[in-house]
Amino acid sequence: MKGPIGVFDSGFGGLSVLADLQLALPDADFVYLGDNARAPYGTRSFEAVYQFTLQAVTRLFEMGCPLVILACNTASAKALRSIQQRDLPLLAPERRVLGVIRPTAEAVGDLSRTGVVGVLGTPGTIASGSYTIEVEKLHPGFHVVAEAAPMWVPLVEQGFSASDGADWFVREAVDRLLARDARLDTIILGCTHYPLLYPKIRAAVPERVAVVCQGPIVASSLCDYLRRHPEMDAAVSRGGVTRYFTTDVARDFARLAGVFLGREVEAAHIAL
Ligand code: DGL
């Protein structure tokens, strides 16, 4: 039985990844699930993020997804490994769950010249040390400096990403990161909500420093994965349809999602 690719995030942020997945695989079906009612995840414990993510993955499997992308760095950092190693073999051994940290860490090797890479993420992602571990393991000689930007997700979730007030919070975190190492030439936006603040982030970062969004990286890594796993490629249904679900109010989700995606979408409420 074929099914859609599941895309999960704590809220709206994963839409920044979904948009690139839709561009890369225009005929694939997708189901987007945002746990807006419990967002943000970034300040929650490992156990809570793991439990919430497992519930979402289980629900997406029930909806027929053969493959789920955790389009959320916090969930990728805190829950992915346990789900892959502990839950998947019991729950659905033939299905797959992939995250966003590994492909991003792989891609950064070609992007930085100085080898000094900055990461901005939620407090949870930064505290996990996942980016430092992955990047420094994959690219010996690279050095990662990381800072949390705790206010950025609430700004996006509440629809304030384009507001004047957001400028102060963007600059505060960017300056804190830049002060860590003058050799830094690449900044990973290590949270899928952050591309929604991209114009403000780009304006706060000197031109010589690249600002990397994950959407295109995750999309190209997924295409590569499907090429290497024809059985998974064959399990993806191809109608070019995306359905949107939120654990919060569907009408509010549809309105804000439309702003982020640049077109209207219909959303439905789902309980986890
Ligand atoms: N968009 C998410 C991430 O990539 C989660 C943000 C949050 O819920 O705190 O980390």
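These notes cover the structure that comes with them. (Residues numbered from 1 in each chain as written. Predicted model: local features only at pLDDT ≥ 70, side-chain atom pairs only at ≥ 80, totals over all residues. Heavy atoms only, no water.)

## Concerning the packing of helix 2 (residues 46–62) against helix 4 (residues 80–91)
Put simply, the test is: Angles run from 0 to 180 degrees between N-to-C directions of axes, and those axes are lines fitted to C-alpha atoms, restricted for helices to the stretch in contact. Each helix corresponds to a stretch of at least 4 residues labelled H or I by DSSP, and each strand to a stretch of at least 2 residues labelled E; elements are numbered beginning at the N terminus. Roughly parallel means an angle under 35 degrees; roughly antiparallel, over 145; roughly perpendicular, 65 to 115; everything else is oblique. By convention, the crossing between two helices is left-handed when the near helix turns anticlockwise from the far helix through less than a right angle, and right-handed when the turn is clockwise. Residues are treated as being in contact if the distance between any of their heavy atoms lies within 4.5 Å. Residues are grouped as follows: Ala, Val, Leu, Ile, Met, Phe, Trp, Tyr, Cys and Pro are nonpolar; Asp, Glu, Lys and Arg are charged; every other residue, Gly included, is polar.
Interhelical geometry of helix 2 versus helix 4 gives an angle of 40 degrees and a closest axis separation of 12 Å. What the angle tells us is that helix 2 and helix 4 run oblique. Regarding helix 2 and helix 4, the two cross each other, and that crossing is right-handed. Contact with helix 2, carried on its side by Tyr50, Thr53, Leu54, Val57, Thr58 and Phe61, involves Ser82, Ile83, Arg86, Asp87, Leu88 and Leu91 of helix 4 and no other residues of that element. A breakdown of the residues in the contact of helix 2 with helix 4 according to their chemical character gives 7 nonpolar, 3 polar and 2 charged.

## Notes on the side chain of Asp185
Let me state the cut-off plainly: Burial status follows relative accessibility: with a 1.4 Å probe on protein chains alone, a residue under 20% of its type maximum counts as buried, one over 50% as exposed, and anything between as partly exposed. Note that His is not counted, nor are the chain ends; the positive residues are Lys and Arg, and the negative ones are Asp and Glu. Throughout this description, the term salt bridge denotes a Lys or Arg side-chain nitrogen within 4 Å of a carboxyl oxygen of Asp or Glu. Any N or O atom pair separated by 3.5 Å or less is treated as a polar contact, with the protein-specific requirement of one donor-capable and one acceptor-capable atom, and with residues adjacent in sequence counted only for side-chain atom pairs.
Its place among the elements puts Asp185 in the loop between helix 9 (164–178) and strand 7 (186–189). For the buried residue Asp185, which engages in no salt bridge, the nearest side chain bearing the opposite charge is Arg113, 6.2 Å off. Within the structure, Asp185 has its side chain in polar contact with the side chain of Ser112 (distance 2.7 Å). Engagement of the side chain of Asp185 in a polar contact is seen with the backbone nitrogen of Thr114, the distance being 3.1 Å. Leave out the neighbours within four places in its chain, and Asp185 touches Ser112, Arg113, Thr114, Val116, Arg208, Val209 and Ala210.

## A closer look at the site of the ligand
Threshold: Note on definitions. A residue lies near a molecule or strand when any single heavy atom of the residue is within 4 Å of it. The method behind every accessible area is Shrake-Rupley, applied with a 1.4 Å probe, and residues are considered shielded solely by the protein chains displayed.
Taken together, the neighbourhood of the ligand is formed by 13 residues, with Ser10, Tyr41, Gly42, Thr74 and His193 sitting nearest. The separation between an oxygen atom of the ligand and a polar main-chain atom of Tyr41 is 2.7 Å. A distance of 2.5 Å is found between a nitrogen atom of the ligand and a side-chain nitrogen or oxygen belonging to His193. Starting from 300 Å² of accessible surface for the ligand in isolation, the protein chains cover 99%. Class assignment for the residues of the shell around the ligand results in 5 nonpolar, 7 polar and 1 charged.

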